[in-house]
Amino acid sequence: MSSGSTIIPSSFELPDFYHFPPFFTIQPVLSTREKQLGQWRELLLKYHTDLKITTLILHECPLWKNNDINRQLTKEEIQIVVDDLITSGYGEWEDEHTKTRVRILWRKPEQLASDIYDWAVANGYVNSICTVYELHSGEDVNGMSFQGVDEELLRRALGV
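Throughout, a residue's number is its position along its own chain's written sequence, starting from 1. Totals for whole chains, interfaces and linings use all residues, but because this is a predicted model, local features are given only for residues with pLDDT of at least 70 and pairs of side-chain atoms are given and counted only at 80 or more. Values shown for side chains rest on all heavy atoms present in the structure; no hydrogens or waters enter the calculation.

### Thoughts on the sheet that holds strand 4 (residues 91-93)
Stated precisely, the cut-off is as follows: Pairing between two strands requires that DSSP report at least two bridges joining them. By definition, any uninterrupted DSSP run of H or I lasting at least four residues is a helix, any uninterrupted run of E lasting at least two residues is a strand, and each is numbered from the N terminus. Interaxial angle, 0 to 180 degrees, is taken between N-to-C directions of lines fitted to C-alpha atoms, where a helix line uses only the stretch in contact.
Read from one edge to the other, the open sheet built from 3 strands follows the order 1-5-4, with strand pairing classed as antiparallel. The strands lining the two open edges of the sheet, one partner per strand, are strand 1 (55-57) and strand 4. Neighbour-to-neighbour, the strand axes of this sheet turn through a mean angle of 30°, independent of strand direction. Two elements, strand 1 and strand 5 (residues 101-104), share 3 bridges in a ladder whose sense is antiparallel.

### Brief notes about the packing of aromatic side chains
Ring pairs (aromatic) are described by centroid distance and by the angle formed between their planes. We apply this condition: Here the aromatic set is Phe, Tyr and Trp, taking the six-membered ring for Trp, and pairing holds for ring centres within 6.5 Å; pairs whose planes are under 30 degrees apart are stacked, those over 60 apart are edge-to-face, and all others are tilted. Relative accessibility under 20% of the residue-type maximum defines a buried residue, over 50% an exposed one, and the middle range a partly exposed one, all with a 1.4 Å probe and only protein chains included.
One pass over the full model with this rule turns up 10 aromatic pairs. Aromatic side chains Tyr18 and Phe23 sit 6.5 Å apart centroid to centroid with 65° between the ring planes, which places their arrangement in the edge-to-face category. Both residues of the pair, Tyr18 and Phe23, belong to the buried class. What links up through ring pairs into an aromatic cluster is the set Phe17, Tyr18, Phe23, Phe24, Trp40 and Trp64.

And the structure:
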């Protein structure tokens, strides 16, 4: 499995479990596998959220391979991890037929809707008009969970 030339930025702090060799082999015991898949989900979401990446391109993701411990996931294992991410509601295929690109839902639409409402209440924007651009990139949303989020996801959250 090639991870291309993509390198994990040094500004992104990898969790300790990323350096544990069994993390790169899908575990056969169900309870262990569920915990492992939860860690993969957490890692993928943190990576994409921290770096403001909205799309996971399967063949380019540097997380699948850890050169320091000489371990990597197989294509089949990557598929298991990605299927879990999607099943849990944190991703969706952008290309349903070829399955090479996943839109990362940094937060579920319902969670974003709640965050936007809380922000609107705290900042006096309830019953006011805000553009999608203002919610996505405006000065008033610095540091908010919805700042820079995928516009399609933001629109869905507004419809909740």
